[in-house]
Structures are given as structure tokens and as C-alpha cells.
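Here are the chains, one letter per residue:
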Amino acid sequence: MKLGMIGLGRMGGNMAERLRRNGHDVVGYDRDPQTTQVATLQELVAALPTPRVVWVMVPAGPATEETVSTVGALLAKDDVLIEGGNSFYRDSIRRAATLAERGVGFIDAGTSGGIWGLSEGYCIMAGGDPAHVAVAQPIFDALVQADGFAHVGPVGAGHFTKMVHNGIEYGMMQAFGEGYDLLQASDVGVDVGKAVEVWRHGSVVRSWLLDLMAGMLKRDATLEGIAPVVADSGEGRWAAIEAVELGVPAPVISLALAMRFASQGKGDYGAKQLALLRHSFGGHAVSKQKKS
């Protein structure tokens, strides 16, 4: 099958390569002239047979908005546009409605697998019309590992599912980090590396995230030189906000998000105020910040 891939970064580039290895013909476009195969989006669309299938894999936000708008205007009736970034699901529903006015199909494909997807295969959660998904099914089959694809519902369902997936990921990562802290702080002589490694074999907490953690500890158990700053992306925030809007208790996801904020120093001023308050009412000592 011949398709277009827009965005050839860490995810898009690997996905294009995996598709080629599985016999598909990929026309790739990227703003980086060293990476792109065609000079313009117009050239990419013109190079594809009808009905065209174009996969957009660029950062969520303005880049996706601009790309979907530009490419959508170049596509025709019965063409299908797949958007695989971490977009907000309501934006996907809106984009699909705009494209549908011209008969262009839209699939929101929540995609997980990171940089390991090229070798291990991806997990794809797709939302869209069944007819549009059927057109793109050979692409999905080539990208995923066994049982790694699901058509989870209409447009919007794919990115909603990926949003919840990433919220769960926040909670799991936070729990592993806290567990590591407890093991490291113990004075009973725990061999932390061995403790984490044995969890990978038969334990109820075994997972790919645990595999990655164990591998990192083997390479560098001290973690010296690593700043304790954890970035957050849109999906974790959206998941926490949606939980509030829907009245669904999600304390683990919400707290994991808050801990990422704290790691970024966003709670530092409040913590300083608390230290001064303790000093004011109880005379407790205030620690001075060390100058670097």
C-alpha cells in the first residue's frame, strides 16, 4: 500500500521505516530538508494513488492544527487522513467534522510504543468510521505488535483512550519512582538493583516500565548528574481535567500530575511560605537555600 507520512521525527521516522520493512511504499515529508523525500505537502499528495491515505505524525497543538488544515484542503472525497499525535480528543472531533464536509475521512489514532516501536511494534487505539478504518487497516496491521490494534469507537475515541492511557502511565511511573525511593532510603541493606530485577519475574507489578527501570539501574545505579525534573505533557493534564468534568475520582492520576509540577519547581514559592509559617507560629528553624 502506498501512503504519505508527514513528520519524520523519532516516532514518525520509525513508523515509516517499519511500514517499509513490511512492504508498504511510504512517501515521507518533513520540514527538515535533510530528512524529507518531497519538497512540499502538495508534492506528497500528488504522489499518492486515490483514495489517498495520509498519516500526520507531528507535535500536538499548533503544528498539528496547521498540518491537518493544509493537507485536508489538498485531499479529495474518499481520501483518509490519520492523525497519530497526542491531540486533545475534542480537537480531533472538530477536525473530523470539518473534513467530512468535503467527504474526507479522519481517523484519530492514539499511538503508543515510543522509540521502541520500530523493533517491538506499536499499540494503536483508533477512532473513526468503520469504512475509513478498513481502508487503513493494512497500515495498522504492519505497525502494531500482535493484538496491538483496536478500533475503540467513533472519531475522538482514539485520542480519548490514549489520553487515559497516558494518565495511567503517569500514575505507574510515580509509583515506581516512590518505590525506588523507599528501597534506596532503607537502612536494612537492600540490594536495590536485585530487588527491582526480581520483580520482573512472576511479580504482579511486572511491566514494560519496570523492565526499562531495571535496565537503567544496571547501567547507572547512582543516577548522578540526572536532575530530578519530570516534564508533563498535555495528556496527563487533560485526563485529570476530564476526570473532574465527568465526576470520576482519579486521585492517583491527579496526584502524579501534581508531583510532576512539584519536580519542576512550581510549588517552590508555596513551600517557602510554609517554612516561614512554621517559623512564625512555632519558632521552627528555616533552612537556607544553598548557593550554587
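Residues numbered from 1 in each chain as written. Predicted model: local features only at pLDDT ≥ 70, side-chain atom pairs only at ≥ 80, totals over all residues. Heavy atoms only, no water.

Asker: I would appreciate a short explanation of the overall build of the chain in the present structure.
Answerer: When helices and strands are tallied, the chain shows twelve helices and seven strands. Taking the principal axes of the C-alpha coordinates as reference, the chain spans close to 75 × 40 × 40 Å. Burial statistics for the chain: of 292 residues in total, 40% are counted as buried. Counting only contacts in the chain whose residues sit at least 6 apart along the sequence, the fraction spanning at least 24 positions is 63%. As presented, the chain carries roughly 16,300 Å² of accessible surface, and 59% of it is formed by carbon and sulfur atoms. Averaging the locations of the 26 positively and 31 negatively charged side chains of the chain gives two centres separated by 5 Å. (Helix = DSSP H or I, 4+ residues; strand = E, 2+ residues; numbered from the N terminus. Buried < 20%, exposed > 50% of the residue type's maximum accessible area, 1.4 Å probe, protein only. Contact = heavy atoms within 4.5 Å. Areas by Shrake-Rupley, 256 points an atom, 1.4 Å probe, with all protein chains shown as cover. Lys, Arg positive; Asp, Glu negative; His and termini not counted. Charge placed at Lys NZ, Arg CZ, Asp CG, Glu CD.)

Asker: Could you clarify how one ought to interpret a nonpolar patch on the surface in this entry?
Answerer: Taken together, the side chains of Ile115, Trp116 and Trp208 make up a nonpolar region of the molecular surface, amounting to roughly 350 Å² of accessible area. Residue placement: Trp208 occurs in helix H9 (residues 208-219). (Patch = residues over 30% accessible without salt bridge, like charges linked within 9 Å, V, L, I, M, F, W, Y side chains within 5 Å. Salt bridge = Lys/Arg side-chain N within 4 Å of Asp/Glu carboxyl O.)

Asker: Which parts of the structure should I look at to understand the nonpolar core?
Answerer: One broad trend across soluble globular proteins is that nonpolar side chains are buried collectively. Of all hydrophobic cores here, the largest spans 24 residues; its most connected members are Met5, Trp55, Ile82 and Phe140. For this core, the elements supplying multiple residues, two or more each, are strand S1 (2-6), helix H1 (10-21), strand S3 (53-56), strand S4 (80-83), strand S5 (105-112), strand S6 (122-127) and helix H6 (130-143). Among the elements that make up this core, the one with the highest residue count is H6 (six residues). Excluding residues that lie within four positions of it along the chain, Phe140 makes contacts with Trp55, Ile82, Ile107, Ala109, Ile124, Ala126, Val133 and Phe149. (Core = buried A, V, L, I, M, F, W, Y, C linked by side-chain atoms within 4.5 Å.)

Asker: What is the right way to read the pattern of salt bridges from this model?
Answerer: Working definition: two side chains of opposite charge can pair if their charged atoms are close together. Inspection of the entire model under this criterion finds twelve salt bridges. Here Glu66 ties to Arg31 by a salt bridge, and the two come within 3.3 Å at their closest N and O atoms. Of this pair, Glu66 sits in helix H3 (residues 62-74) while Arg31 sits in the loop between strand S2 (25-29) and helix H2 (41-46), and the two are 35 residues apart along the sequence. Residue class for Arg31 comes out exposed when judged on its relative accessible area of 64%. As a salt-bridge pair, Arg237 and Asp232 come within 2.5 Å of each other at their nearest N and O atoms. Asp232 sits in the buried class, given a relative accessible area of 17%. What emerges from the salt-bridge pattern is a single network uniting Glu65, Glu83, Asp91, Arg94 and Arg95.

Asker: Before we go on, may I ask you to explain the sheet that holds strand S7 (residues 144-153) in this structure?
Answerer: Strand-to-strand pairing in sheets goes through backbone hydrogen bonds, with the strands running parallel or antiparallel. Spatially, the seven strands line up as an open sheet ordered S2-S1-S3-S4-S5-S6-S7, and their pairing is mixed. The open sheet is flanked by S2 and S7, the only strands paired with a single partner. On average, each strand axis in the sheet is inclined to that of its neighbour by 25 degrees, with strand direction left out of account. Judged from the five bridges that link them, S1 and S2 form a sheet pairing that is parallel. (Pairing = 2+ DSSP bridges. Axes fitted to C-alpha atoms, helices over the stretch in contact; angles between N-to-C directions.)

Asker: What's the story with the side chain of Glu197 in this structure? I'm lost.
Answerer: Within the element layout of this structure, Glu197 appears in helix H8 (residues 192-199). Looking at Glu197, the relative accessible area reads 18%, which means it is buried. A distance of 3.5 Å separates polar atoms of two side chains, one belonging to Glu197 and the other to Lys218. Apart from residues lying up to four places away in sequence, Glu197 is in contact with Ala214 and Lys218. (Polar contact = N/O pair within 3.5 Å; in protein donor to acceptor, adjacent residues only side chain to side chain.)

Asker: Sorry if this is basic, but what is going on with the packing of aromatic side chains here?
Answerer: The geometry of an aromatic ring pair is captured by two quantities: the separation of the ring centres and the angle between the planes. The full count for this structure, using the stated rule, is five aromatic pairs. Seen from their ring centres, Phe88 and Tyr89 are 5.1 Å apart, and the 70 degrees between their planes marks the pair as edge-to-face. Owing to a relative accessible area of 9%, Tyr89 belongs among the buried residues under this scheme. Arranged with centres 4.8 Å apart and planes meeting at 20 degrees, the rings of Phe140 and Phe149 form a pair that is stacked. For Phe140, a relative accessible area of 0% translates into the label buried. The structure contains a cluster of three or more aromatic residues connected by ring pairs, namely Phe88, Tyr89, Phe160 and Trp238. (Phe/Tyr/Trp six-rings, centres within 6.5 Å; stacked < 30°, edge-to-face > 60°.)

Asker: Is there a simple way to explain helix H12 (residues 268-282) in this structure?
Answerer: Along an α-helix, a turn takes 3.6 residues, which lines up residues three or four apart on a common side. Compared with the 21 Å implied by 1.5 Å per residue over 15 residues, the 21 Å span of H12 between its first and last C-alpha is a close match. Directly after H12, the chain includes Gly283, whose backbone phi takes a positive value near 70 degrees. (Expected span 1.5 Å × (residues − 1).)

Asker: Would you take a moment to explain the pairing of S3 for this structure?
Answerer: Every other side chain in a regular strand lies on the same face of the sheet, so the side chains alternate between the two faces. Where burial is concerned, the two faces of S3 agree: the one with Val53 and Trp55 and the one with Val54 and Val56 are both buried. Note: S1 against S3, three bridges, orientation parallel. Across the sheet, the residue bridging to Met5 is Trp55, located in S3. Of the strand pairs in this sheet, S3 and S4 are connected by four bridges, and their pairing is parallel.

Asker: What is the right way to read unusual backbone geometry from this model?
Answerer: Glycine aside, residues mostly have negative phi angles, and peptide bonds mostly take the trans form. For the bond running from Thr50 to Pro51, omega is -10 degrees, close enough to zero to count as cis. Within the secondary structure layout, Pro51 lies in the loop between H2 and S3. Even without being glycine, Asp78 reaches a positive phi, approximately 80 degrees. Looking at where Asp78 falls in the secondary structure, it is placed in the loop between H3 and S4. In this structure Asp78 comes out as partly exposed when scored by relative accessible area, which is 48%. For Asp147, which is not glycine, the phi torsion reads 65 degrees and is therefore positive. With respect to the helices, strands and loops of the structure, Asp147 is situated in strand S7.

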